[in-house]
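For reference, the chains in residue letters:
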Amino acid sequence: MSEDDAVTRAPGEGGRLMRWAFRHLAGPAEGVQGAVQGGSTEAREAWKRDLAERKRFTREQRERKRAAREADRRG
């Protein structure tokens with residue numbers, strides 16, 4: 001295996017044994033309230049508001065770029 005084929009990993013990720021142990025011994029977080037969904041109701045609502053704001057900003061950016069392209073074509 002050459003260096004180009006080597007998979008680079010984060011320093012703290014661990015090796016084969018750690019991945020196997022985590023996958024088979026730790027298992028999924030079951031029975032913990034909000035473990036997968038993430039935190040409190042307020043945190044989820046804040047995340048949803050943030051996501052909506054980011055989508056709105058992205059939409060506005062696309063509209064601005066489209067308007068600029070249209071203005072360049074006409075002018």
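Below or above, wherever it landed, is the structure these notes cover.

The rules behind each value
Residues numbered from 1 in each chain as written. Predicted model: local features only at pLDDT ≥ 70, side-chain atom pairs only at ≥ 80, totals over all residues. Heavy atoms only, no water. Helix = DSSP H or I, 4+ residues; strand = E, 2+ residues; numbered from the N terminus. Buried < 20%, exposed > 50% of the residue type's maximum accessible area, 1.4 Å probe, protein only. Areas by Shrake-Rupley, 256 points an atom, 1.4 Å probe, with all protein chains shown as cover. Patch = residues over 30% accessible without salt bridge, like charges linked within 9 Å, V, L, I, M, F, W, Y side chains within 5 Å. Salt bridge = Lys/Arg side-chain N within 4 Å of Asp/Glu carboxyl O. Lys, Arg positive; Asp, Glu negative; His and termini not counted. Charge placed at Lys NZ, Arg CZ, Asp CG, Glu CD.

### Things to note about the overall build of the chain
Looking only at helices and strands, the chain features two helices and zero strands. Considering the chain as a whole, with its 75 residues, one finds that 1% of them fall into the buried category. Carbon and sulfur atoms provide 53% of the accessible area of the chain, an area that totals close to 7,400 Å².

### Some points on a positive patch on the surface
A contiguous patch of positive charge on the surface is contributed by Lys 55, Arg 59, Arg 62, Lys 65, Arg 66 and Arg 69. Tracing the sequence through the fold places Arg 66 in helix α2 (residues 41-74). Judged by its relative accessible area of 44%, Arg 66 is partly exposed.

### Thoughts on the pattern of salt bridges
This structure, assessed with the given rule, holds seven salt bridges. Across the salt bridge formed by Glu 45 and Lys 48, the nearest N and O atoms sit 3.7 Å from each other. In this pair, Glu 45 and Lys 48 are both assigned in helix α2, three residues apart and thus about one turn of the helix distant. The exposure class of Glu 45 is partly exposed, given its relative accessible area of 36%. Several salt bridges converge on common partners, so that one network encompasses Glu 53, Arg 56, Glu 60 and Arg 64.

### Things to note about a nonpolar patch on the surface
Residues Leu 17, Trp 20 and Leu 25 make up a contiguous nonpolar surface patch of roughly 390 Å² in combined accessible area. Relative to the helices and strands, Trp 20 is located in helix α1 (residues 16-26).

These figures capture arrangement, not role.
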